[in-house]
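Structural description and commentary
One-letter residues, chain by chain:
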Amino acid sequence: MQHSLTQGPITKNILLFALPLMFGNLLQQMYNIADTWVVGRFLGADALAAVGSSYTLMTFLTSILLGLCMGSGAAVSMQYGSGETEKMRQSVFQSFLLIASIALVLNLLVYLGMNGILWLLRVPAELCPLMKDYLLIIFLGIAATFLYNYFANLLRAIGNSVVPLAFLAVSAILNVILDLVCVLVLDWGVKGAAVATVFSQYVSGVGIGLYTLKKFPQLCPKRTDCRWDRKNLANILNLSVMTSVQQSIMNFGILMVQGLVNSFGTVIMAAFAAAVKIDSFAYMPVQDFGNAFSTYVAQNYGAGQPDRIKKGIRSAGLTSAVFCIVISVLVCALDVVFNFFLINPTRTLWGITVWGAGLGVPGAALGTALATVVGGLLALAILLLRESPLSI
């Protein structure tokens, strides 16, 4: 199902496009939430602390690739909106090779710098073996993360946000089942949780890639499209780098906080791990709405409709504010439920509260949403200044 964001009711169309993104990202969080739930409930505080610290690291690494994929998707979306089919396929070719190369380098760097990462995060000595066991396997999923996010953003660029949701739903359910099997039945410990996650990630990444190539031939580069165009590449880089910085900078901050938290010991690490999962669930829907709005801006810019973009900004701002208030109330109201699912009530961690996370949602979520929108608009502003006098 594809949505044209260049015509029809603005708020309704953005919401219809955004809802699958929100559900999809919540399902994507299920990868690590499932690990946290199984590990926290059945393996204890040490294992939860190790997996939790790994989660903040993987979220940061994923956000780098996600931002690059979103930026390239914005470039494709503008070309789709303006009807530049040949240029769009060329962008697919160039952006895929570019981001795949970055993902490969990133993967090599984290393996080579494993000990340095653990030192930077101040991981207690008694947790280092557990965290290493988990990271050595979970890092294998970086390539799968790239594949899924690249093709998902490619489909979203042309208005299809339902197919990525379907693939994520299958892999998320698979991940929960494999988590239980690998940890409880096969008794593989944290390694089992990592194996389950990586396998599920490749199911969604490879699956959506093959589906896109088969069902959307207009996105598949032809031989004549497989060439480097400096101007087009510069356009992709302008959008991708800026979006990547915007997506990763907050997660880098959380990663640094994780390093500080780790210095307080295992129990505090495990508590922080549970709180971060809740916070991720809280701000993701608003962030995804901002990402949907970025696609809206890109398509309408490509179609030459600046007035519609201005109207969309007002609508998106109001809708984001409503999301922030509703989500904040829900997180605070459901703190006991979150604690029950993430932490074994017989352990000392039962005393953790998510009220702090809940009260911080309005600022964090609204800041994330606004950063997403502003980041996209700044990237577009660069193009506007270079290519035309049009102002939005």
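The rules behind each value
Here, residues in each chain are numbered from 1, in the same order as that chain's written sequence. Owing to the predicted nature of the model, reporting of local features is limited to residues with pLDDT of at least 70; listing and counting of side-chain atom pairs is limited to 80 or more, with chain, interface and lining totals taken over all residues. Excluding hydrogens and water, the side-chain figures rest on all heavy atoms present in the structure. Strands here mean DSSP runs of E at least two residues long; helices mean DSSP runs of H or I at least four residues long; both are numbered from the N terminus. Think of it in three bands: with a 1.4 Å probe and only protein chains considered, a residue is buried below 20% of the maximum accessible area for its type, exposed above 50%, and partly exposed in between. Here, two residues are considered to be in contact whenever any of their heavy atoms come within 4.5 Å of each other. With residues, only the protein chains shown are counted as cover, and all accessible areas are computed by Shrake-Rupley using a 1.4 Å probe. Here the expected span of a helix is defined as 1.5 Å times the quantity of residues minus one. In this analysis, rings of Phe, Tyr and Trp, with Trp reduced to its six-membered ring, are considered paired at centre separations within 6.5 Å, and the interplanar angle assigns stacked below 30 degrees, edge-to-face beyond 60, and tilted for intermediate values. For every element, the axis is a line fit to its C-alpha atoms; helices are fit only across the contacting stretch, and the angle between N-to-C directions ranges from 0 to 180 degrees. Working definition: roughly parallel below 35 degrees, roughly antiparallel above 145 degrees, roughly perpendicular at 65 to 115 degrees, and oblique for all remaining angles. Just so you know the grouping, Ala, Val, Leu, Ile, Met, Phe, Trp, Tyr, Cys and Pro go in nonpolar, Asp, Glu, Lys and Arg go in charged, and all remaining residues, Gly too, go in polar. Here is the rule for handedness: rotate from the far helix to the near one, and if that takes an anticlockwise turn smaller than a right angle the crossing is left-handed, while a clockwise turn gives right-handed. For the purposes of this section, nonpolar cores are sets of buried Ala, Val, Leu, Ile, Met, Phe, Trp, Tyr and Cys residues that join through side-chain atoms within 4.5 Å. What counts as a salt bridge is simple: a side-chain nitrogen of Lys or Arg found within 4 Å of a carboxyl oxygen of Asp or Glu.

Quick look at the overall build of the protein
Helix and strand content of the protein: 13 helices and zero strands. Ordered by position in the sequence, the α and β elements of the protein form the string α-α-α-α-α-α-α-α-α-α-α-α-α. Scored against the burial criterion, the 392 residues of the protein give a buried share of 56%. Taking as baseline every contact in the protein between residues at least 6 positions apart, the subset at least 24 positions apart corresponds to 84%. Summing over all exposed atoms, the protein offers an accessible surface of approximately 16100 Å²; the carbon and sulfur share of this is 72%.

Considering helix 7 (residues 162-185)
With 24 residues, helix 7 ought to run about 34 Å at 1.5 Å a step, and its terminal C-alpha atoms sit 34 Å apart, in line with that. Buried residues of helix 7: Val 163, Pro 164, Leu 168, Ser 171, Ala 172, Asn 175, Asp 179, Cys 182 and Val 183, and no others.

Comments concerning the packing of aromatic side chains
Scanning the model with the defined rule gives eleven aromatic pairs in all. Taken together, a centroid distance of 5.3 Å and an interplanar angle of 75° make the contact between Phe 96 and Tyr 150 edge-to-face. Taken together, the positions of Phe 96 in helix 3 (residues 85-112) and Tyr 150 in helix 6 (residues 142-157) put the pair 54 residues apart, joining distant regions of the chain. Judged by relative accessible area, Phe 96 falls into the partly exposed class, the value being 28%.

Focus: the packing of helix 6 against helix 7
At a minimum axis separation of 8 Å, helix 6 and helix 7 run at an interaxial angle of 150°. Between helix 6 and helix 7, the angle is such that the two are roughly antiparallel. Residue-level inspection shows Tyr 148, Ala 152, Leu 155 and Arg 156 of helix 6 in contact with helix 7, the latter providing Val 163, Pro 164, Leu 165 and Leu 168. Split into classes, the residues belonging to the contact of helix 6 with helix 7 amount to seven nonpolar, no polar and one charged.

Overview of the environment of Met 70
Locating Met 70 in the fold gives a position in helix 2 (residues 45-81). A C-alpha to C-alpha distance of 8.3 Å links Met 70 and Leu 239, two positions 169 residues apart in sequence.

Points about the environment of Val 110
Tracing the sequence through the fold places Val 110 in helix 3. The exposure class of Val 110 is buried, given its relative accessible area of 5%. Distance in space between the C-alpha atoms of Val 110 and Phe 139 is 7.7 Å, their sequence separation being 29 residues. If we ignore the near neighbours within four places in the chain, the residues touching Val 110 are Leu 61, Ile 117, Phe 139 and Ile 142.

Notes on the packing of helix 3 against helix 9 (residues 230-262)
Look at helix 3 against helix 9: their axes get within 10 Å of each other, and the N-to-C directions meet at 60°. For the element pair helix 3 / helix 9, the angle class is oblique. Every pair of crossing elements has a handedness; the one defined by helix 3 and helix 9 is right-handed. Where helix 3 abuts helix 9, its residues Lys 87, Gln 90, Ser 91, Gln 94, Ser 95 and Leu 98 lie against Asn 232, Leu 233, Ile 236 and Leu 237. In terms of residue class, the contact of helix 3 with helix 9 is built from four nonpolar, five polar and one charged.

Topic: the nonpolar core
In globular proteins that are soluble, nonpolar side chains generally tend to be buried together. Judged by nonpolar contacts, the single largest core of 57 residues is most densely connected at Leu 61, Leu 65, Leu 135, Ile 138, Phe 139 and Tyr 150. Ranked by the residues each element gives to this core, the list is headed by helix 2, at 14 residues. Here Phe 139 is in contact with Leu 57, Met 58, Leu 61, Asn 107, Val 110, Tyr 111 and Met 114, once residues within four sequence places are set aside. Residues Ala 74, Val 297, Ala 316 and Cys 324 belong to the second largest nonpolar core, which totals 28 residues.

Here's the deal with unusual backbone geometry
Excluding glycine, residues mostly have negative phi values, and the peptide bonds linking residues are mostly trans. At Arg 122, a residue that is not glycine, the phi angle is positive and equals roughly 55°. Along the chain, the position of Arg 122 falls in the loop between helix 4 (114-120) and helix 5 (128-138). Despite not being glycine, Asp 187 has its phi angle at roughly 55°, a positive value. Along the chain, Asp 187 falls in the loop between helix 7 and helix 8 (190-215). Residue class for Asp 187 comes out exposed when judged on its relative accessible area of 61%.

Describing the pattern of salt bridges
Two side chains with opposite charge may pair up if their charged atoms get near one another. By the definition in use, this model includes two salt bridges. Two residues, Arg 227 and Glu 86, come together in a salt bridge whose shortest N-O distance is 3.7 Å. Highlighted residues: Arg 227 in the loop between helix 8 and helix 9 and Glu 86 in helix 3, separated in sequence by 141 residues. Given the relative accessible area of 40%, Arg 227 is considered partly exposed. We classify Glu 86 as partly exposed; its relative accessible area is 46%. One salt bridge in this structure joins Arg 89 and Asp 225, with 2.6 Å as the shortest N-O distance. Remark: Asp 225 occurs in the loop between helix 8 and helix 9 and Arg 89 occurs in helix 3; sequence separation between them is 136 residues.

By themselves, these figures tell us nothing about what the structure is for.
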